[in-house]
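One-letter residues, chain by chain:
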Amino acid sequence: MREALFYQRIEDGQVACSLCGHRCQVGPGRRGRCEVRENQGGRLVSLVYGQLVARNVDPIEKKPMFHFLPGSRSYSVATVGCNFRCRHCQNHRIAQYPHTHGGAIPGTTTTPGEVVAEARRAGCASISYTYVEPTIFFEFACDCARLAKTRNIGNIFVSNGYMTAEAIRSLAPMLDGVNIDLKAFTDEFYREICGARLTPVLESIRLFHQLGVLVEVTTLIIPGLNDSEEELRAIARFLRSTSVDIPWHVTGFYPASVMLDRSPTPAATLNRARAIGIEEGLRFVYPGNVAGAGGEDTHCPACGLTLIRRQGFSCQVTGMEGSCCSGCGASIFGVWEESALSTV
């Protein structure tokens, strides 16, 4: 248990949390929407500090991060909890655990030093805060990230992007990359499917990019909900307006959690989404999670040379010299060498 960051005491013993876009007002003895931050006598505390329920060594491509040290491994950690209620969450058993188990907080007590040491022993180039929404264990993630920087280990958030600007500005100096789920482009989808709003996610994408954090974006395409050409073009145009270099991962849906009434996404839908992204001016669009979709290789946007070949989570760098195309010398968006990791 640790005192939370980003809150203020207000009237009647309540506290106002300013960590995420919900900006919960939490009464005495109550918890915020994430179910892991609790008002204890006018003091907001994180109930999940160091309480890990998952730790794995993953290929960085699994995040997915295609423009961050390709072929490297990332030490991935998570607690329970989430500030969304996505009806199709593939990790709902841990993300919604406090919500479905009477507020229980399981986990193995772990220190930031142990996380960083385990990452180093495993030969990982980065630590990923992932599987659930990492914003909800922000205090622990920041302590890990700060220590990781002193060991030249990168830090990655795999996030729904629902942080406040205050939290983003605090986190950004320690963060090397973030993959943000842009789940759809309508408030209706966010309200009905996720229990949230669209605008804070868009603001987060822009702000992370402005602050110099490597941003990649993922959209899980769900048949009949967010797969119209109009909506896919709207997402692509928003990303292009932020930066034509932001990689966009268009990935396939499989029935999960309580959303069992939809069919898996056809490969043709992902290929069409990729074509739309390219038509709208994005340089890097990657279908994923569906056999037969193809299109996961990285090509130089200037000369077309294949820079990185991918199959599943494996990759082979074939056309890069440092951070540039070996064919024409064009600079390629991304973090390609450990020497480019941020410092604090």
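Above: the structure in question.
Here we summarise the structure given alongside this text. Residues take numbers from 1 onward in each chain, read along the sequence in its written order. Selection of residues for local features in this predicted model requires a pLDDT of at least 70, selection of side-chain atom pairs for listing and counting requires 80 or more, and totals for whole chains, interfaces and linings are taken over all residues. The basis for every side-chain value is the complete set of non-hydrogen atoms in the structure, without hydrogens or water.

1. Some thoughts on the packing of aromatic side chains
Counted only if it meets this: Between the rings of Phe, Tyr and Trp (Trp by its six-membered ring), a pair exists once the centres lie within 6.5 Å; its type follows the angle of the planes, with under 30 degrees stacked, over 60 edge-to-face, and the other angles tilted. Counting from the N terminus, the helices are DSSP H or I runs at least four residues long and the strands are E runs at least two residues long. Using a 1.4 Å probe on the protein chains alone, a residue whose accessible area is under 20% of its type maximum counts as buried, one over 50% counts as exposed, and one in between counts as partly exposed. Placement of a charge over a ring requires the Lys NZ or Arg CZ to be within 6 Å of the ring centre, with the centre-to-atom vector within 35 degrees of the ring normal.
Tallied over the entire structure, the rule returns 8 aromatic pairs. Relative to Phe138, the ring of Phe6 lies with its centre 5.6 Å away and its plane at 80°, an arrangement referred to as edge-to-face. Separated by 132 residues along the polypeptide, Phe6 in the loop between β1 (2-3) and β2 (7-9) and Phe138 in helix α4 (residues 138-150) bring together distant segments of the chain. Here Phe189 and Tyr190 contribute two aromatic rings whose centre-to-centre distance is 6.3 Å and whose plane-to-plane angle is 70°, an arrangement assigned as edge-to-face. Phe189 sits in the buried class, given a relative accessible area of 5%. Taken together, the ring pairs in this structure connect Phe84, Tyr162, Phe189 and Tyr190 into an aromatic cluster. Just above the ring of Tyr49 sits the side chain of Arg2; from NZ or CZ to the centre is 3.9 Å. Arg310 extends its terminal NZ or CZ atom over the ring of Tyr286, reaching a point 5.3 Å from the ring centre.

2. Some thoughts on the state of the cysteines
Applicable threshold: Criterion for a disulfide: a pair of cysteine sulfur atoms within 2.5 Å.
Taken as a whole and assessed by the stated rule, the structure comprises 0 disulfides. Cys17 provides the cysteine sulfur closest to Cys34, a residue in no disulfide bond, and the two sulfurs are 6.7 Å apart. Left without a disulfide partner, Cys144 is nearest to the cysteine sulfur of Cys142, which lies 9.4 Å away.

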